[in-house]
Structures are given as structure tokens and as C-alpha cells.
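# Residue-level structural notes
Residue-level listing of the chains:
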Amino acid sequence: MKQEQIKKMQKRYNFSIEDERIQIALERLESLAVDSFRNDDYSAQKSFDDVWWSVLHEVDLYEEGEETEFRSVRSVEATKKWLKSFSHLCTEKVPEEYKAEEVK
């Protein structure tokens, strides 16, 4: 990721994004539909965990049958894949179904 992109991203998030893995996770998240309607009050999100849990909240709403902005099952599946792919960056415990599988 270019320095200019990192600076712009850092302005949006209220926590350090120096870790390249977090930069990649956030960049991928911003390419998903869920990013446009999740609780995106960036200043209230103090860590990557806060971002991750806000994404999970949107998936939970969809699965509980609540009205959400998801327009397709494919979009939900892509979001679940993102959750699982980047759960290892969370410092808080995540639900078992979203834990990344260890590579053997």
C-alpha cells in the first residue's frame, strides 16, 4: 500500500494502522458492500477489534432476519469470509465459527 493511501486510511481510523496486516484487512473491508452501511463512526472505533465486531454485528442482523442493507447472499458470504480471514488480528476472543483455521 502506498504511503499516501496509508495516510488517508489513518485519518479515517482512530487507532494505529502501522501493522501491514491491518492495512490489508481494512483495505479489503473497504472494498466490500458492508463497509458502506456498517456502523462507520470511525472516531468511535478505538481498535481493529471494534471494526471487526461492527462487521460481525451486520452479519448477525442479517442472520436474525432483521432488516439490513445486504442485497445478496453473496455479499453476506464475502463478509463472512473477511471476518474469518482477519479474526486472527483481533485481541479479543472471537466466536469459534469465525476463528481462522490453522495451517498445518
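The structure presented is a predicted model; accordingly, all values stated were derived computationally and were not measured. (Residues numbered from 1 in each chain as written. Predicted model: local features only at pLDDT ≥ 70, side-chain atom pairs only at ≥ 80, totals over all residues. Heavy atoms only, no water.)

### Section: the environment of Lys99
Rules: Strands here are runs of E lasting at least two residues and helices are runs of H or I lasting at least four, both read from the DSSP assignment and numbered beginning at the N terminus. The criterion used for residue contact is that any of the two residues' heavy atoms lie within 4.5 Å. Polar contact criterion, stated in full: a pair of N or O atoms within 3.5 Å, where within protein one must be able to donate a hydrogen and the other to accept it, and residues adjacent in sequence count only if both atoms are side-chain atoms.
Note on placement: Lys99 falls in the segment after helix H4 (73-86). The sequence separation of Lys99 and His88 amounts to 11 residues, and the corresponding C-alpha distance is 7.0 Å. Excluding its chain neighbours within four sequence positions, the residues that come into contact with Lys99 are Lys84, Ser87, Lys93 and Val94. Among the polar contacts made by the side chain of Lys99, one reaches the side chain of Glu96 at a distance of 2.9 Å.

### A short note on the nonpolar core
What counts here: Within this scheme, the nonpolar core is defined by two criteria: the residues are buried Ala, Val, Leu, Ile, Met, Phe, Trp, Tyr or Cys, and they are joined through side-chain atoms within 4.5 Å. Think of it in three bands: residues with accessible area under 20% of the maximum for their type are buried, residues over 50% are exposed, and the middle band is partly exposed, with areas taken using a 1.4 Å probe on protein chains only.
By size, the foremost hydrophobic cluster in this structure holds 27 residues, and its most contacted members are Phe15, Ile17, Leu26, Phe48, Trp52, Trp82 and Leu83. Elements that contribute at least two residues to this core include exactly helix H1 (3-12), helix H2 (20-30), helix H3 (48-63) and H4. The element best represented in this core is H3, accounting for six residues. Contact partners of Leu26, with chain neighbours within four places excluded, come to Met9, Tyr13, Phe15, Ile17, Phe48 and Val51.

### Digging into the confidence of the model for the chain
What counts is decided by this rule: A score between 0 and 100, pLDDT records how confident the predictor is in each residue.
The share of residues in the chain with pLDDT of 70 or more is 92%, and the mean pLDDT across the chain is 88. Least confident of the elements in the chain is H1, whose mean pLDDT is 87; most confident is H4, at 95.

### Description of H3
The following threshold applies: Working rule for helices: expected span equals 1.5 Å times residues minus one.
If you check H3, its first and last C-alpha atoms are 23 Å apart, about what 16 residues at 1.5 Å a residue would give, namely 22 Å. Within H3, burial applies to Phe48, Asp49, Val51, Trp52, Ser54, Val55, Leu56, Glu58 and Val59. Structurally, H3 contributes buried residues whose contacts are with H2 and H4. Of the residues trailing H3, Gly65 is marked for its positive phi of about 85°.

### Section: the packing of aromatic side chains
What counts, and what does not: Centres within 6.5 Å make a pair out of two Phe, Tyr or Trp rings, where for Trp the six-membered ring is used; the pair is then stacked when the planes are under 30 degrees apart, edge-to-face when over 60, and tilted otherwise.
In total, this model carries seven aromatic pairs according to the counting rule given. When the centroid spacing of 6.0 Å and the interplanar angle of 50° are considered together, the rings of Phe48 and Trp82 count as tilted. One end of the pair, Phe48, is in helix H3; the other, Trp82, is in helix H4, and 34 residues separate them in sequence. As far as the burial class goes, Phe48 and Trp82 line up, both buried. Ring geometry for Trp82 against Phe86: centres 5.7 Å apart, planes inclined by 45°, an arrangement best described as tilted. Here the residue Trp82 and the residue Phe86 both occupy positions in helix H4, the gap between them amounting to four residues, near one helical turn.

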